[in-house]
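Residue-level listing of the chains:
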Amino acid sequence: MTQEPVPIDILLVEDDPGDVLMTREAFAHHKIRNPLHVAEDGVEALRFLKREEPFGAAPRPGLILLDLNLPRKDGRELLGEIKQDPGLRTIPVVVLTTSEAEEDILRSYELHANAYVTKPVDFEKFVEVVRKIDDFWVTVVQLPHR
């Protein structure tokens with residue numbers, strides 16, 4: 001008997017409205033039931049994660065999808081802060097970015113990213129990548145309890 005996966009809150013840290021829309025459409029296309037929250041930059045994401053105003057009632061995400069190239073506080077800096085914070089470091093972070101640069105991949109893993117995924121430009125391929133991320137992190141992986 002297979003247990004139905006429990007939905008988790010997902011925080012998407014992405015400044016490109018087109019990529020946010022594609023992610024929402026990918027969730028809808030695959031009927032992904034996980035609530036998707038969006039932060040437009042690293043500063044807003046950190047406020048969300050620390051439940052600072054205006055995010056006082058924000059849920060603790062079970063997964064963070066992180067773009068690297070963000071305004072105000074970029075993804076690398078945010079990733080480092082998340083993984084150094086004892087209250088946040090257990091949240092899995094999947095870097096989801098357009099960069100295929102070896103230095104970005106290496107640096108992300110040095111900062112303790114849990115995975116690095118290059119964002120496909122093609123919509124159908126992007127939808128499939130989002131489905132695979134959701135399937136793996138929600139169905140396959142055992143996440144820590146809050």
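Residues numbered from 1 in each chain as written. Predicted model: local features only at pLDDT ≥ 70, side-chain atom pairs only at ≥ 80, totals over all residues. Heavy atoms only, no water.

A closer look at the packing of helix H2 (residues 42–49) against helix H3 (residues 75–84)
Two packed helices can be described by the angle between their axes and the distance between those axes. Where H2 meets H3, the closest approach of the two axes is 9 Å, and the angle between their N-to-C directions is 20°. Between H2 and H3, the interaxial angle falls into the category roughly parallel. Considering the relative orientation of H2 and H3, their crossing is right-handed. Between H2 and H3, the residues in contact are Gly42, Ala45, Leu46 and Leu49 and Leu78, Glu81 and Ile82, respectively. Of the residues that constitute the contact of H2 with H3, the class distribution is 5 nonpolar, 1 polar and 1 charged. (Axes fitted to C-alpha atoms, helices over the stretch in contact; angles between N-to-C directions. Helix = DSSP H or I, 4+ residues; strand = E, 2+ residues; numbered from the N terminus. Parallel < 35°, antiparallel > 145°, perpendicular 65-115°, else oblique. Left-handed = near helix turned anticlockwise from the far one by under 90°. Contact = heavy atoms within 4.5 Å. Nonpolar A, V, L, I, M, F, W, Y, C, P; charged D, E, K, R; others polar.)

Some words on the pattern of salt bridges
On inspection of all chains with the given rule, the structure shows 10 salt bridges. Between Lys119 and Glu14 there is a salt bridge whose closest N-O contact spans 2.6 Å. Here Lys119 is found in the loop between strand E5 (115–118) and helix H5 (123–140), whereas its partner Glu14 is found in the loop between strand E1 (10–13) and helix H1 (17–29), with 105 residues between them in sequence. By relative accessible area, Lys119 is classed as buried at 7%. The exposure class of Glu14 is buried, given its relative accessible area of 3%. The partner of Lys73 in a salt bridge is Glu81, and the shortest N-O contact between them spans 2.7 Å. The class for Lys73 is buried, based on a relative accessible area of 13%. (Salt bridge = Lys/Arg side-chain N within 4 Å of Asp/Glu carboxyl O. Buried < 20%, exposed > 50% of the residue type's maximum accessible area, 1.4 Å probe, protein only.)

Remarks on the nonpolar core
Within the largest apolar cluster, 23 residues are counted, with the highest numbers of intra-cluster contacts made by Leu11, Val13, Ile64 and Leu66. Listing elements by their share of this core, those giving two or more residues are E1, H2, strand E3 (63–66), H3 and strand E4 (93–97). If you tally residues by element for this core, the top one is H2, at 4 residues. When near neighbours in sequence (up to four residues on either side) are disregarded, Leu11 contacts His37, Val38, Ala39, Ala45, Phe48, Leu49, Pro61, Leu63, Ile64 and Leu65. (Core = buried A, V, L, I, M, F, W, Y, C linked by side-chain atoms within 4.5 Å.)

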